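# A look at the structure
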Amino acid sequence: MNEATTVYRTVNVQGLNIFYREAGSSNAPVVLLLHGFPSSSRMYDKLIPVLAERYHVIAPDYPGFGHSDAPSPETFSYTFDHLALIIDAFTQALGVHHYALFVQDYGGPVGFRLALMHPDRIDAIVVQNAVAHDEGLGPLWATRRQYWANREAYADKLRANLISFDAAKQRHVGTDPHPELYDPDLWTDESAFLGRPGQDRIQEDLFYDYRTNVAAYPKWQTYLKTYHPPLLVVWGKYDPSFTVAGAWAYKQDMPSAEIHILDAGHFAMDTKSQEVANLTLQFLDRLDLPKNAQH
């Protein structure tokens, strides 16, 4: 089998079956792909085989997402701290001791927590529409902040704003003047996922915890200023949630950050997968990343 062929595996982590996609030589430098909301590792389908020509690519599904276990919120705490701990344990279960991060949306909060826990394990960071500064939060966040302030009163508005079918479509197309470039399966499949039994409570719990991410922005910024990880920011400018100002804000912490603004949406790989892949490869190839020492 060609090493660039994607394989689909599951590993038990703290009693949970965590699904992941993997490709590339086990001797190559590791790139850990962390997905956004409400997607899964599937969002990296087009990126994985390109990166796997030269890197060991690993893309897990968080608990409650994709093909990983989705325990009830009665028995599992859906917080970003908890997801980060699970993904940290996942890397250890796979014998991965350091890696380059590629983070999108929710992948940002998970990835920055990993970086704070183990700064010595982070070889580089690629950010694709993942916010670490208040400037990056667009108008849609007004309703979301109201939800954080009064969860019960704004629960219905939050569902319309975040997990409805219309919200799923808007999340992909955003303000792109070329909606014909987007495969409608993208948001139809996501809506089907969000419609599974128990998903509404899981996603509401996790999003309620998103307020802790905004509170943690100063810590993430301090991490960047302190450790200076090589940083590439690739940003779809038609994103209805995360503004382009959020991309340029990384320059405040890392003047050396490489910033690229694309004619794309929140999930830039919907329409610009080759461009994202090329930018990522060019960036990683310049770094001469160390290979992962296996157990």
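Before going into details, it helps to say that this report is about the structure given with it. (Residues numbered from 1 in each chain as written. Predicted model: local features only at pLDDT ≥ 70, side-chain atom pairs only at ≥ 80, totals over all residues. Heavy atoms only, no water.)

### Concerning helix α6 (residues 165-173)
Defined as follows: Each residue is placed in one exposure class: buried if its accessible area under a 1.4 Å probe, protein chains only, is under 20% of its type's maximum, exposed if it is over 50%, and partly exposed if it falls in between. Each helix corresponds to a stretch of at least 4 residues labelled H or I by DSSP, and each strand to a stretch of at least 2 residues labelled E; elements are numbered beginning at the N terminus.
Along α6, the positions that sit buried rather than exposed are A167, A168, R171, H172 and V173. A positive phi of about 55° marks G174, the residue just after α6.

### Looking at the nonpolar core
Across soluble globular proteins, you tend to see nonpolar side chains buried next to one another. Spelled out, the test is: For this analysis, a nonpolar core means a set of buried residues of the types Ala, Val, Leu, Ile, Met, Phe, Trp, Tyr and Cys, connected via side-chain atoms within 4.5 Å.
Ranked by internal contacts, the top residues of the largest apolar core, which has 66 residues, are Y210 and Y250. The dominant element in this core, judged by the number of residues it contributes, is helix α2 (residues 80-93), at seven residues.

### A few points about the sheet that holds strand β1 (residues 7-13)
Threshold: Paired strands are those between which DSSP finds at least two bridges. Lines fitted to the C-alpha atoms define the axes, with helices restricted to the stretch that makes contact. Angles between their N-to-C directions range from 0 to 180 degrees. A contact between two residues is defined here by any heavy atoms of the two lying within 4.5 Å.
Strands sit in the order β1-β2-β4-β3-β5-β6-β7-β8 across an open sheet of eight strands; the sheet is mixed. Looking at which strands have only one partner, the edges of the open sheet turn out to be β1 and β8 (258-262). For this sheet the average axis-to-axis angle between neighbouring strands, irrespective of direction, equals 20°. Note that strand β2 (residues 16-23) and strand β4 (residues 56-60) share four bridges and pair antiparallel. Pairing of R21 across the sheet is with A59, part of β4. Helix α3 (residues 107-117) rests against β3 (30-34), β5 (99-104) and β6 (122-128) of the sheet, and its axis sits at about 150° to β5.

### What about the environment of A115?
Among the secondary structure elements, A115 is positioned in helix α3. We classify A115 as buried; its relative accessible area is 1%. Placed 152 residues apart in sequence, A115 and F267 show a C-alpha to C-alpha distance of 23 Å. When neighbours within four sequence positions are excluded, A115 is seen to be in contact with I122 and Y223.

### What about the packing of α2 against α3?
The description of two packed helices rests on the angle between their axes and on the distance between the axes. What counts is decided by this rule: By definition, turning the near helix anticlockwise from the far helix through less than a right angle yields a left-handed crossing, and turning it clockwise yields a right-handed one.
Axis separation between α2 and α3 bottoms out at 9 Å; the angle between their running directions is 65°. Viewed along their axes, α2 and α3 form a crossing whose handedness is right-handed. Along its contact with α2, which presents F80, D81, L83, A84, L85, I87 and D88, the element α3 presents P109, V110, R113, L114 and M117.

### Points about helix α8 (residues 199-208)
An α-helix turns once per 3.6 residues; consequently, residues spaced three or four apart project the same way. The buried count for α8 comes to seven of 10 residues, which makes it a mostly enclosed element. All of the buried residues in α8 are Q199, I202, Q203, E204, D205, L206 and F207. Residues of α8 that are buried make contact with α2, α4 (141-149), α5 (151-162), α7 (185-194) and α9 (211-227).

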